[in-house]
Amino acid sequence: MKRAFFAFAAAVAMPALPAAAQSGQTVNVIMLDMTALMGPGYVGGYGMMGPNGMMGGRYGYGRMVPGTMMGNAAPDDRNTASTVPVTGMMPGMMSIRTDRDTVKAGPVTFDVVNLSRSLVHDLVVIAVDPNNPSLPYDYNNWQVVESQTKVAGEMEQVKPDDEATLTLTLPAGDYVLICNVPGHFAAGMVAPLTVTK
């Protein structure tokens with residue numbers, strides 16, 4: 001059931017829940033790439049061409065859904081996904097989706113599902129300065145330079161079609177969730193998270 005929810009959320013690019021609905025400290029995270037969205041249909045037919053997918057049928061309405069594979073890349077900035085050249089991947093071809101973008105300070109559990117059919121992803125939680133949220137990027141290795149950031153915690157190697165859980169104690173502040181597998185951040189795998197007092 002949980003996997004079916006994530007597939008549905010991926011297919012319709014479900015936005016973060018309103019603040020009133022955000023009670024609790026669990027953030028549901030889905031990791032998407034082209035392999036998760038293509039083909040005749042993933043779990044429950046939610047692939048790109050599936051009956052419940054992005055391009056057709058019940059939820060797709062025959063169009064690309066903003067914020068998924070081709071939509072909503074990061075703002076134009078040299079350290080963000082929209083302008084970093086990536087071999088074989090265009091900005092917006094991968095993404096991290098969450099069911100909320102705000103939690104309260106304290107223990108926070110990230111329930112992660114990698115909907116990819118073939119790619120490993122990871123999850124890195126990084127504290128950022130809201131006045132300068134850009135991240136240092138190594139253009140030779142196609143990765144954010146984690147040693148030059150404030151990493152709050154990370155989960156490595158979430159295999160394709162697998163689930164994992166990460167629990168961190170987060171103080172109030174601004175964070176980003178990224179996948180730092182080479183090229184994935186630049187292809188769009190970044191999502192904001194605000195932790196309130």
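The structure presented is a predicted model; accordingly, all values stated were derived computationally and were not measured.

Engineer: Where do I start with the sheet that holds strand 4 (residues 106-114) in this structure?
Structural biologist: Two modes of strand pairing occur in sheets, parallel and antiparallel, and in both the strands are linked by backbone hydrogen bonds. Overall, mixed pairing links the four strands, which are arranged 2-1-4-9 in an open sheet. In this open sheet, the two edge strands, each paired with only one partner strand, are strand 2 (95-98) and strand 9 (162-170). Neighbour-to-neighbour, the strand axes of the sheet open up by a mean angle of 25°, direction not taken into account.

Engineer: What should I look at first to understand the environment of R117 in this one?
Structural biologist: Take R117: it is sitting in the loop between strand 4 and strand 5 (121-128). The partly exposed category is assigned to R117, whose relative accessible area is 39%. C-alpha separation for the pair R117 and D162, spaced 45 residues apart in sequence, amounts to 9.6 Å.

Engineer: Can you walk me through the packing of aromatic side chains in this structure?
Structural biologist: The geometry of an aromatic ring pair is captured by the separation of the ring centres together with the interplanar angle, meaning the angle of the planes. Applying the stated criterion across every chain yields a total of two aromatic pairs. Ring geometry for Y137 against Y139: centres 5.1 Å apart, planes inclined by 75°, an arrangement best described as edge-to-face. Their ring planes at 35° and their centres at 6.0 Å tell us that Y137 and F185 sit as a pair that is tilted. Residue Y137 is found in strand 6 (residues 137-138), and its partner F185 is found in the loop between strand 10 (173-178) and strand 11 (190-196); the two are separated by 48 residues along the sequence. Residue Y137 shares its accessibility class with F185, and that shared class is buried.

Engineer: Sorry, what's going on with the environment of V190 here?
Structural biologist: In this fold, V190 is placed in strand 11. Here V190 falls in the partly exposed class, since its relative accessible area comes to 26%. Discounting chain neighbours no more than four positions away, the residues touching V190 are I96, V176, L177, I178 and F185.

Engineer: Explanation requested: the nonpolar core in the structure shown.
Structural biologist: A general feature of soluble globular proteins is that nonpolar side chains tend to end up buried together. Core analysis: the largest hydrophobic core is formed by 24 residues, its most contacted members being F110, V112, L123, L170 and L193. Only strand 1 (26-32), strand 4, strand 5, strand 8 (150-158), strand 9, strand 10 and strand 11 provide two or more residues apiece to this core. If we ignore the near neighbours within four places in the chain, the residues touching L170 are A105, G106, V108, F110, A152, Y175, L193 and V195. The next biggest cluster of nonpolar side chains, apart from the first, holds 10 residues, and it includes V124, I126, Y137 and V144.

Engineer: Sorry if this is basic, but what is going on with unusual backbone geometry here?
Structural biologist: Across the chain, the bulk of peptide bonds are trans and the bulk of non-glycine residues have phi less than zero. Of note in this structure, W142 is not a glycine but carries a positive phi near 60°. Given the relative accessible area of 25%, W142 is considered partly exposed. One non-glycine residue with positive phi stands out, namely Q157, at about 55°. Within the fold, Q157 resides in strand 8. Judged by relative accessible area, which is 56%, Q157 ranks as exposed.

Engineer: How should I be thinking about the confidence of the model for the protein chain in this particular structure?
Structural biologist: In regions of low pLDDT, the predicted coordinates are not meant to be interpreted in detail. Looking at the protein chain, the pLDDT average stands at 73 and 59% of residues meet or exceed 70. Scored below 50 in pLDDT, residues 4-23 shows 44 contacts in the model against residues more than four places distant or in partner chains. The model gives residues 40-89 a pLDDT under 50, and that stretch makes 133 contacts with residues more than four places away or in other chains.

Engineer: In this structure, what is going on with the sheet that holds strand 5? I would like to understand it.
Structural biologist: What the five strands build is an open sheet, ordered 3-11-10-5-8; its pairing is mixed. The open sheet has two edge strands with one neighbour each: strand 3 (102-104) and strand 8. Within this sheet the neighbouring strands show an average axis-to-axis angle of 20°, counted without direction.

Engineer: Mind showing me how you'd approach the side chain of D122 here?
Structural biologist: Mapped onto the elements, D122 comes out in strand 5. K159 is the oppositely charged side chain nearest to the buried, salt-bridge-free D122, at an N-O distance of 14 Å. Residues contacting D122, with those up to four places away along its chain left out, are M31, M155, E156, Q157, I178, C179, N180 and V181.

The rules behind the values
For every chain, the first residue of the written sequence is number 1, and numbering continues from 1 onward in sequence order. Selection of residues for local features in this predicted model requires a pLDDT of at least 70, selection of side-chain atom pairs for listing and counting requires 80 or more, and totals for whole chains, interfaces and linings are taken over all residues. Here the side-chain values reflect all heavy atoms present in the structure, with hydrogen atoms and water set aside. By the convention used here, strands pair only if DSSP detects at least 2 bridges between them. Counting from the N terminus, the helices are DSSP H or I runs at least four residues long and the strands are E runs at least two residues long. Note on geometry: axes are lines fitted to C-alpha atoms, helical ones only across the stretch in contact, with angles between N-to-C directions running from 0 to 180 degrees. Relative accessibility decides the category of a residue: with a 1.4 Å probe and only protein chains considered, values under 20% of the type maximum give buried, values over 50% give exposed, and everything between is partly exposed. Aromatic pairing here means that ring centres of Phe, Tyr or Trp (its six-membered ring) are within 6.5 Å. Orientation follows from the plane angle: under 30 degrees is stacked, over 60 is edge-to-face, and everything else is tilted. Contact between two residues is taken to exist if any of their heavy atoms lie within 4.5 Å; hydrogens are not considered. Within this scheme, the nonpolar core is defined by two criteria: the residues are buried Ala, Val, Leu, Ile, Met, Phe, Trp, Tyr or Cys, and they are joined through side-chain atoms within 4.5 Å. Each residue carries a pLDDT value, the predictor's own confidence for that position, ranging from 0 to 100. Just so you know, the count uses Lys and Arg for positive and Asp and Glu for negative, and it drops His and the chain ends. Whenever Lys or Arg places a side-chain nitrogen within 4 Å of a carboxyl oxygen from Asp or Glu, that contact is recorded as a salt bridge.

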